Each structure stands twice: as structure tokens, then as C-alpha cells.
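Each chain, written out:
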Amino acid sequence: MLPQKQAEEAMVSSSNLTQHDDRDEEMPNESGLGLKSLLWHGGSVYDAWFSCASNQVAQVLLTLPYSFSQMGMLSGILLQIFYGMMGSWTAYLISILYVEYRSRKEKENVSFKNHVIQWFEVLDGLLGPYWKAVGLAFNCTFLLCGSVIQLIACASNIYYVDDHLDKRTWTYIFGACCATTVFIPSFHNYRIWSFLGLGMTTYTAWYITVAALANGQVEGVIHSGPKKLVLYFTGATNILYTFGGHAVTVEIMHAMWKPQKFKFIYLIATLYVFTLTLPSSAAMYWAYGDQLLTHANAFALLPRTAWRDAAVILMLIHQFITFGFACTPLYFVWEKVIGMHDTKSIFLRALVRLPVVIPIWFLAIIFPFFGPINSAVGALLVSFTVYIIPSLAHMLTFRSASARQNAAEKLPFFLPSWTAVYVVNTFIVIWVLVVGFGFGGWASVTNFIRQVDTFGLFAKCYQCPVRAPTGGH
């Protein structure tokens, strides 16, 4: 027993040393940097919570009322809670797999100084190169599409403040603005941005709620949802997408000084997000009903006031932040591909990251379908990236009795049985595969094709109101 105990103590010592080294590298002497360290170098539990909550409830906040109109009030509320809890569980699984991977590597004296661990590397280390390829393909494609969605959302929102330019032109402008995220080195440096981002979405959510209730129901309001299966499952996959924002969980954990403390952070973040999404979605659907079916962006129906313009501007800033959240893991992957990940020069790293932004910019111009694209991404990518793959990876990693016995993290207090864990994971895989990917994929792709047929690719101004002709003729 003594050698085993000594080995365990050595492992803990090694883990603490690695964390200390990482912190020293990312967190310089605060007495020398003062305010810069306070705003720039984040690695605490609170930083991780703000990052998770801020990243989870970005522009999708504006499309959830659209989902309610497709599904009806009851389904909208119940599925938000259901997918919120499911997403929190799979985020927990990802955190367990990260800790397991890191502890195994540290036993081999592997150092992660100047290297950010990513999800595909966790899969590679625990399950082999085939899982690495699958994880890399799904994660990168999802993050690419997530970045595209943020650009589309920027153009859609600013149009409701200044409609002198069409949405496509605004996409050009915001593509250039969002390209500046290449200068943010890692998730350590999102401290102030995460804090501000969550404050912005909190204001927006409660503005939508209060404005909808204050304006009351529009004349002749109709609540016909759910009316068609296509619409129902399109709305459901948008909610699946809402609570599947943990494609950056591993990067957020790696930015923490003590990653082992992450386990329940995503759940606590989700509970807070419920206070934003449920009231705003329900209030908008109550007030506007079926009008939301043709207005995927909630701002489109709310009367223009200074309060609404403030919400639009705040969401624009937050979407810039969320663009950075989605793009930063892609920057890391690209740096590793071209051998520049160890470079310490911020300007050199920014230069080599620019090629990542160009295809995102281009895709946002081709497919400007705010709302429908969320559902398509949710069904085809999120379903695998953040639900199915983590559940399968967890079951396979701990399929042997020795792996379960020597696991770096023990089972949670609320589910202390490996059998129960396997039952939950199996349920998630089957449910998401059938309902999310199967029915959701059919519905969201059908709806997406309908948008292409209606508006065409490179649509100049998607869902813009028809202007009355001007002039004296």
C-alpha cells in the first residue's frame, strides 16, 4: 500500500506543479501590472462561470421566441429545462474526461506549458486517433458555423438601429470588426469581456420581457403552435443548440488555475441562463404569437425606443465577444497545424490567425438566414459534438473495471452508481440521435432549403420589411 500511496502523492504534487507553472506563465506579478492583471488574466472559478454563462446565451436569446412560435408555450418551456439539464450533464462528462486525460499525461511527465489542451486531444489520448479525427471534424465545423452565426446576428441586429445599409453590407463591416479577435491570446484573457457580456445579455433578456409585457398582446394575436412537425422539430433543435454551447469547455477548463473545480460550473451557469431565456421567450410569444413565425429576430417586432436601441448595441458588443469565444479554439487548431502554437508574440500569432476569419466571413454572406441556420447547426453538429460524442467517449473510457477503479475523479454524489451513469449516457445518445439528429435534422434542413428557395443565396437583406416605392411617378 505504501508505494501506491507515494505514487498518488507524487501525482498530486506533479499536478499542482503544472498548474502553478501555468498560472505563473499566464498571471504575471500583479503588483507590477495592477489593473491590467485584474482585467486581463482570469483563471478563477468565477471567470469560468462568467465564460460559460456568457457564451451559452448569446444571439440565440433573440431566436428562442421564434422557437416558441414553432412549438407552442408548453413545449418551449419544458424542452428548455430538459435540454438545459442534459447539456449540463454532458459538460460534466467533458470535464471528467479532461481531468482524466491530464492526470494520465502528467503521470508520464508531460508538460502543458505553452500548450492549450483541446477536446480532440483529450479524445486522442483516451480513445485513439479515430476518435481524434471525429472530434476534430465535428468540433471545428461546429465552431466555424457558430462564428458564422455571430456575424449574421450582428448584421441582423444593427439593421434595426440603422437600416440605411442592407444586412449584407453590415456583414462586411462586422466581419472586419470581429477579425480583431485574433489579438486575444487565450481564454485567460476574456475576464472583463465575459463579465461585460453576461451583463449585456441580462439587460437584453429583461428588456425583451418587460417590453413585451408592457406593450401587451397585439390585436388579433394567434397562438397556433405546434402546427407542423417540420416547424416543431426545427424549434426543438434550436433549443438543443441553445444549451449545447460547451464546444469550448476544455479550453475554458484549461484556462483555470484549478480545472478540477469546473465540474458543476456549467450547471450553475445554466440555472442562471434559465432566468434569462424562459421569461423573455414566454413573454414575446404571449404578446406576438404567430407573428414570430416570420420574424426570427425578436428585435424585429418590438417598437423602436431608446431602450431597444441600447439592447441592440449591447447585443452587438456581446456577439463580438461570442465570436471570439467560438473562433479562439479554431485559432489554436490552426496554430498547431502550421507549428506556431508556441509563439509568444501576440502580433505574429494574430497575423497567422487571419486566414481562419476569411471563410467565416464568406459563409455569413452566402447563408444569412438568421434563425433557421441555428436549427440546422443544432441538429447536424451540436447533436454529435456536445451530446453524443461526450456520452459515448465517457462510456468507452471507463468500460473496464480497472479504469473505473483508478479514475481521477469519482462519481458524483447524486449518481453514485456506474450502472446509473451508463443508463443516463445511453439515454442521451439514443434520444439525441433519434430526436435531435433524426427528426431535427430532417426538419431543420427542410426549413433551411425553404429559406434558400425563398430568399436565394447571398440574400441582400434577409427578412427585411418591403419598402414602399419613393418618387413622384
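For the structure itself, consult the block above.
In this text the structure is predicted, and so the values were computed from the model without any measurement.

### A closer look at the packing of helix α4 (residues 45–56) against helix α14 (residues 306–338)
Turning to step 1, where the next piece is worked out: Running from N to C, α4 and α14 cross one another at 110°; their axes reach a closest spacing of 10 Å. Classified by the angle between their axes, α4 and α14 sit roughly perpendicular to one another. Taken together, the residues of α14 that come into contact with α4 (itself represented by Ser51, Ser54 and Asn55) are His318, Thr322 and Phe325.
Turning to step 2, where the next piece is worked out: Classifying every residue of the contact of α4 with α14 by side-chain character gives one nonpolar, five polar and no charged.

### Section: the packing of helix α7 (residues 119–127) against helix α8 (residues 129–158)
Turning to step 1, where the next piece is worked out: Between α7 and α8, the least distance of the axes is 7 Å, while the angle of their chain directions is 165°. When the interaxial angle is binned, α7 and α8 end up roughly antiparallel. You can see that α7 and α8 cross each other, and the crossing is right-handed. Within the contact between the two elements, α7 uses Trp119, Phe120, Leu123, Asp124 and Leu127 and α8 uses Pro129, Trp131, Lys132, Gly135, Leu136 and Asn139.

### Quick notes on a nonpolar patch on the surface
Turning to step 1, where the next piece is worked out: Together, Leu229, Leu380, Ile430, Leu433, Val434, Phe437, Phe439, Trp442, Val445 and Ile449 make up an exposed nonpolar region whose accessible area comes to about 870 Å².
Turning to step 2, where the next piece is worked out: Ranked by residues supplied to the nonpolar patch, first place goes to helix α18 (residues 418–455) with eight residues.
Turning to step 3, where the next piece is worked out: With respect to the secondary-structure elements, Phe437 resides in helix α18.
Turning to step 4, where the next piece is worked out: Since its relative accessible area comes to 33%, Phe437 is described here as partly exposed.

### Overview of the pattern of salt bridges
Turning to step 1, where the next piece is worked out: Taken as a whole, this structure holds 10 salt bridges when the rule is applied.
Turning to step 2, where the next piece is worked out: Between Lys263 and Glu409 there is a salt bridge, and its shortest N-O distance comes to 3.1 Å. In this pair, Lys263 sits in the loop between α12 (249–254) and α13 (265–288) while Glu409 sits in the loop between α17 (401–405) and α18, placing the two residues 146 residues apart along the sequence.
Turning to step 3, where the next piece is worked out: Judged by its relative accessible area of 15%, Glu409 falls in the buried class.

### Considering the environment of Ser186
Turning to step 1, where the next piece is worked out: With respect to the secondary-structure elements, Ser186 resides in the loop between α9 (167–178) and α10 (191–215).
Turning to step 2, where the next piece is worked out: Since its relative accessible area comes to 8%, Ser186 is described here as buried.
Turning to step 3, where the next piece is worked out: Separated by 69 residues in the primary sequence, Ser186 and Ala255 have C-alpha atoms spaced 7.8 Å apart.

Here is what the cut-offs are and how they apply
- Residues numbered from 1 in each chain as written.
- Predicted model: local features only at pLDDT ≥ 70, side-chain atom pairs only at ≥ 80, totals over all residues.
- Heavy atoms only, no water.
- Axes fitted to C-alpha atoms, helices over the stretch in contact; angles between N-to-C directions.
- Helix = DSSP H or I, 4+ residues; strand = E, 2+ residues; numbered from the N terminus.
- Parallel < 35°, antiparallel > 145°, perpendicular 65-115°, else oblique.
- Contact = heavy atoms within 4.5 Å.
- Nonpolar A, V, L, I, M, F, W, Y, C, P; charged D, E, K, R; others polar.
- Left-handed = near helix turned anticlockwise from the far one by under 90°.
- Patch = residues over 30% accessible without salt bridge, like charges linked within 9 Å, V, L, I, M, F, W, Y side chains within 5 Å.
- Areas by Shrake-Rupley, 256 points an atom, 1.4 Å probe, with all protein chains shown as cover.
- Salt bridge = Lys/Arg side-chain N within 4 Å of Asp/Glu carboxyl O.
- Buried < 20%, exposed > 50% of the residue type's maximum accessible area, 1.4 Å probe, protein only.

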